[in-house]
Amino acid sequence: MSEFQIPERHARLLAYAESLTPPTGWKIEISGDEIIMMAGPSVIHQRNLLLVREQFDAHRPAETMPSENTDLASPNVGKLRNPDLTYIPLSALEEGGNQVPAEQAAIAVEIVSPSNPENDLVGKVRDYPLMAIPLYLLIDPREGDLTLYAEPSGSGYRWRWNGKFGDPVPVPAPFGFELATDALLRYPA
């Protein structure tokens, strides 16, 4: 069996994106043939992420570690995404570098940005299942909405749960708990 080869154009785009030096507080992602630069998060975003992370940390599988702003790479589908929070295997540390194969992530958690909501609501809903990320938790402080996606396939996620801030989110294995969301904050109107 031959070793997997990254498509040439994706390898060039990835190399170019890695050569960029974004301004402080900005991050870079790749989706297909597009490079996406995003500004750093607001304090409400950071607080909501902290509330969520503390709960996930209490239920994380022992062989994983939390990571904020880790590049998850899927060169075979031309994707490099950087979720607000993910849990990756400790064995990923042996690889070194700045990227982790996306299929090793246990979950991707995103808090919708008010300046670029389509990136989380459309782009990542499309990209994360293609990248074989098993769970995608989407928190939208603009409207107070919550969506949890599971069971990725080539055409999207096969399972979806929707709720509002205040509803407990049924997070499946490998975490296996109900995420409390009553303390999440909405963005100001």
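See the structure above.
What comes next is a walk through the structure.

Conventions and cut-offs
Residues numbered from 1 in each chain as written. Predicted model: local features only at pLDDT ≥ 70, side-chain atom pairs only at ≥ 80, totals over all residues. Heavy atoms only, no water. Helix = DSSP H or I, 4+ residues; strand = E, 2+ residues; numbered from the N terminus. Buried < 20%, exposed > 50% of the residue type's maximum accessible area, 1.4 Å probe, protein only. Phe/Tyr/Trp six-rings, centres within 6.5 Å; stacked < 30°, edge-to-face > 60°. Salt bridge = Lys/Arg side-chain N within 4 Å of Asp/Glu carboxyl O.

Following Ala173, the chain continues into Pro174 via a peptide bond in cis, with omega recorded as 15°. Along the chain, Pro174 falls in the loop between strand 12 (169-171) and strand 13 (177-179). We note that Ala132 has phi near 65°; this positive angle belongs to a residue other than glycine. Residue classification places Ala132 among the partly exposed residues on the basis of a relative accessible area of 36%. For Glu151, which is not a glycine, the phi torsion comes out positive at approximately 60°. Glu151 sits in the partly exposed class, given a relative accessible area of 42%.

This part is about the packing of aromatic side chains. Applying the stated rule across the entire model yields 7 aromatic pairs. Relative to Tyr136, the ring of Tyr128 lies with its centre 4.8 Å away and its plane at 90°, an arrangement referred to as edge-to-face. With respect to class, Tyr128 is no different from Tyr136; both count as buried. Considering the side-chain rings of Tyr149 and Tyr157, the 5.6 Å spacing of their centres and the 35° angle between planes classify their relative orientation as tilted. Comparing Tyr149 with Tyr157, the two get one shared label, buried. Site record: aromatic cluster; members linked through ring pairs are Phe56, Tyr87, Phe175 and Phe177.

Between side chains of opposite charge, a pair can form as their charged atoms come close. This structure, assessed with the given rule, holds 9 salt bridges. With a closest N to O distance of 3.0 Å, Arg53 and Glu68 form a salt bridge. With Arg53 in helix 2 (residues 43-59) and Glu68 in the loop between strand 3 (64-67) and strand 4 (71-74), the pair connects residues that are 15 residues apart, well separated along the chain. A relative accessible area of 23% places Arg53 in the partly exposed class. Under the relative-accessibility criterion, Glu68 is labelled partly exposed at 36%. Note that Lys164 and Asp145 form a salt bridge whose closest N and O atoms lie 2.4 Å from each other. Here Lys164 is found in strand 11 (residues 156-164), whereas its partner Asp145 is found in strand 10 (residues 145-153), with 19 residues between them in sequence. Look at the salt bridges and you will find they share partners, linking Lys79, Arg81, Arg126 and Asp127 into a network.

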